Amino acid sequence: MELSTFGAIVGFAMELERAAESYYQGCAEAAHPEVFLALARESKKRCARLEMARREGISEMILEAITGLSSEGYQLDLPLQADPSELLRRACLLEETQERFYRAATEKLPIKEVQRTFLRLAAENERRLSELRELQS
Amino acid sequence: MVIRTMQNYIDGSWVESQTDRFLDVRNPATKEILGRVPLSLPQEAQLAAQAAQAAFLGWRETTPYQRARYMFRLKEALEARFEDLSEMIVREHGKIIDEARGEVRRGIENIEVAAGTPSMMMGYNAEDVAAGIDEDCILQPLGVFCCVAPFNFPFMVPLWFMPYAIACGNTYIIKPSEICPLSQNMLFEILDEVDFPPGVINLVHGDKGVVDALLEHPDVKGVSFVGSTPVGRAIYAKAAKNGKRAQCQSGAKNCLVVMPDADLHGTVASILTSAFGTAGQRCLANSLIVTVGEVHERLVKPLVESAAKMRVGNGLDQSVQMGPVVSQAALDRIHRAIEQALEQGARLLLDGHDVEVIGDSNGFYIGPTIFDGVKPSMNLAQDEIFGPVLGIIHVDDFEQALDVIHQSPYGNAASLFTSQGKWAREFKYRVQAGNIGINIGIAAPIASFPFGGMKESFFGDLHGQGRDAIQFFTDRKVVISRWF
């Protein structure tokens, strides 16, 4: 789906965070409960930050159409598995995908404050990914 | 589904209107009936004025700091319902969800600025104007004020006025648009929770009868209006006749001038938002593009191509970029304007009748429409259409562009797209319009600035928002004192 409005971009980001929260809560029941529950809590807070950014960042002065960003390529398949290594692998994929999306979307957003929020979230994804990779090894 | 009939909010309570006249409130995207609004009786407006006057005496004695705290509480309550309010605006008006969120944000910004009223309504003084004699100027509230609100920003516009009025110590009555009253109803549900003293803020649904009753009531000290020029002029005249202050933000026919040195990519994006945002139903929309010299050929093709790609549909769909117009009457008026433009010889480059609506097309839809070859004498160049119809006028030079702007009786807004400071300075200096954009397609003043307007676009002295609002809602009392 083409993400051609500010609301569509932030809305898609919120969907990704909600999917992450749900996935991590499921993972916690299978393995590494402390790690995955912490990630789930963070994802919930990240979603709330995006909602606040959408609410406080919007200005009807800057509602120009956005081109060149699609949700294709950022869709995630997150089935819950019994195998902890597969859970970790998909979690790493989730964090990489989110980071890619936030960096790509930052280029398209017309509002500086929201760009900063997206870049901070991308930086957090980078940290979370390295923590998950440590667990993998 | 039960169709809810709205009530008035008078003296701190919801009150059923005694009228037998009601209007259906329809969702422009689906034509579904969302509710019924009463066209209240004049005596109901009088009751609201009496309640507001009775509340004024106590409210006026509440300290400015305490009044400001109500503003902070109201802001937090609105932030908590931000998305609900935004979705309600989409349903009653038809604008897209991002536009509705922008409207809610702008409304809340006025409350934030009004919370600074304790500083803004400070007076001034001088010692020893004569030996041993001091002189003070203090700002005092006057009493009851009212607002007659438009349909196009049904939530935001009353907040250009009401927060400042009550933060200054006045009391208030809002008469919402009878076409789009639901977001104001929701605002009052929230106001009720914030628990202002009864009578401080009141809501009376209705039409001309309610407005006339408020303009005739001896306790109403002033009126704020946003709407068409004929109605604005009539309200201004009646308010003046009855000794009331008035500020009437009225009609518009705004021009966006494109110089040969303009950044075309940015210009096209701005034109689309300016002309087709809110489906062209805004007093700051630029519905005439004035191309200067050779930029015409370079601009028109990408403009038409981009406009043709705009996604039109239900504003709750986040992928949609333009919603329907507000009513069947609006759609019929726009169709007539398009026919007239064709008859008068304008060249139709993009026909909004052909638009492919995303999803359910059973709404008041017309797509972006663009005419070239428009002459200043055509109705398309002179009449406020209030829809997504854009006309392009081609001129040879900057002076001719100013002539096009100034031939209009209106003076609400004007924009210039250029990369040269000298054209920007000339434009800013000479154009007779109240809201000027330099490389800005929608010159919407932020809450701490007045919302401008000149000529037939504004009747009054003081505008809404910012410091103008404080001046409008207070009187100056000069005190000269001496002690023996």
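Placed above this text is the structure.
**With respect to the interface of chain A and chain B**
How big an interface is tends to be reported as the loss of accessible area on association of its parts.
Right, so step 1: On the side of chain B, 22 residues touch chain A, which itself brings 16 residues to the contact.
Right, so step 2: Counting the surface lost from both chain A and chain B, the interface buries some 1800 Å², and carbon and sulfur atoms represent 55% of this.
Right, so step 3: Summed over the shared surface of chain A and chain B, the number is two salt bridges.
Right, so step 4: Put simply, Arg-54 of chain A and Glu-83 of chain B hold a salt bridge, and the shortest N to O gap is 3.5 Å.
Right, so step 5: If you look at where chain A meets chain B, you find seven residue pairs in polar contact (both at pLDDT 80 or more).
Right, so step 6: Elements supplying a minimum of two residues to the side of chain A that touches chain B: α1 (6–28) and α2 (33–57) of chain A.
Right, so step 7: Here the side of chain A that touches chain B takes four residues from α1 of chain A, the largest share from any one element.

**Here's the deal with the sheet that holds strand β18 (residues 369–372) of chain B**
All names here are of chain B.
Right, so step 1: Within the open sheet, the seven strands sit side by side as β16-β18-β19-β14-β13-β21-β22. Their pairing is mixed. Looking at the sheet topology across the chains shown, the edges are occupied by β16 (347–350) and β22 (435–438). Between one strand axis and the next, the sheet turns by 20° as a mean value, whatever way the strands run.
Right, so step 2: Bridge count for β18 against strand β19 (residues 389–395) is three bridges, and the pairing is parallel.

**Looking at the nonpolar core**
Right, so step 1: Counting 94 residues, the largest nonpolar core has Phe-101 and Phe-118 of chain A together with Tyr-172, Phe-196 and Phe-473 of chain B as the members making the most contacts within it.
Right, so step 2: Residue contacts for Tyr-172 of chain B: discarding those within four places in its chain leaves Phe-145, Cys-146, Cys-147, Phe-161, Met-162, Ala-165, Ile-166, Val-200, Ile-201, Asn-202, Ser-224 and Phe-473 of chain B.
Right, so step 3: If you look at the next biggest cluster of nonpolar residues, it comprises 67 residues, including Met-322, Ile-334, Phe-371 and Ile-385 of chain B.

**What about the pattern of salt bridges?**
Right, so step 1: Considering all chains together, one arrives at 38 salt bridges over all chains under this definition.
Right, so step 2: Arg-90 of chain A serves as the salt-bridge partner of Glu-86 of chain A, at 3.1 Å between the closest nitrogen and oxygen. Here Arg-90 of chain A and Glu-86 of chain A lie together in helix α3 (residues 84–106), a separation of four residues that amounts to about one turn.
Right, so step 3: Owing to a relative accessible area of 19%, Glu-86 of chain A belongs among the buried residues under this scheme.
Right, so step 4: Given a relative accessible area of 14%, Arg-90 of chain A falls into the buried group.
Right, so step 5: For the salt bridge of Asp-207 of chain B with Arg-21 of chain B, the shortest nitrogen-to-oxygen distance reads 2.7 Å. With Asp-207 of chain B in the loop between β10 (201–203) and α8 (208–216) and Arg-21 of chain B in the loop between β3 (13–15) and β4 (22–26), the pair connects residues that are 186 residues apart, well separated along the chain.
Right, so step 6: Arg-21 of chain B gets classed as partly exposed once you look at its relative accessible area, which sits at 41%.
Right, so step 7: Salt bridges sharing common partners tie together Glu-51 and Arg-55 of chain A together with Lys-75, Glu-79, Arg-105 and Glu-112 of chain B.

**Some thoughts on the packing of helix α3 (residues 82–93) of chain B against helix α7 (residues 182–194) of chain B**
Residues and elements named next belong to chain B.
Right, so step 1: Following both chains from N to C, one finds α3 and α7 inclined at 155°, their axes separated by 8 Å at the closest point. Comparing the axis directions of α3 and α7 gives the class roughly antiparallel. Here α3 contributes Asp-84, Leu-85, Met-88, Ile-89 and Glu-92 to the contact with α7, which in turn contributes Leu-182, Ser-183, Met-186, Leu-187 and Ile-190.
Right, so step 2: Among the residues making up the contact of α3 with α7, the classes are represented as seven nonpolar, one polar and two charged.

**Observations regarding the pairing of β19 of chain B**
Residues and elements named next belong to chain B.
Right, so step 1: For β19, the buried fraction is high: six of the seven residues fall into the buried class.
Right, so step 2: Where strand β14 (residues 286–292) meets β19, five bridges bridge the pair, whose relative direction is parallel. Its bridge partner being in β19, Leu-288 is matched across the sheet by Gly-391.

Rules and cut-offs
Residues numbered from 1 in each chain as written. Chains lettered and ligands numbered in written order. Predicted model: local features only at pLDDT ≥ 70, side-chain atom pairs only at ≥ 80, totals over all residues. Heavy atoms only, no water. Contact = heavy atoms within 4.5 Å. Buried area = accessible area lost by both parts, 1.4 Å probe. Salt bridge = Lys/Arg side-chain N within 4 Å of Asp/Glu carboxyl O. Polar contact = N/O pair within 3.5 Å; in protein donor to acceptor, adjacent residues only side chain to side chain. Helix = DSSP H or I, 4+ residues; strand = E, 2+ residues; numbered from the N terminus. Pairing = 2+ DSSP bridges. Axes fitted to C-alpha atoms, helices over the stretch in contact; angles between N-to-C directions. Core = buried A, V, L, I, M, F, W, Y, C linked by side-chain atoms within 4.5 Å. Buried < 20%, exposed > 50% of the residue type's maximum accessible area, 1.4 Å probe, protein only. Parallel < 35°, antiparallel > 145°, perpendicular 65-115°, else oblique. Nonpolar A, V, L, I, M, F, W, Y, C, P; charged D, E, K, R; others polar.

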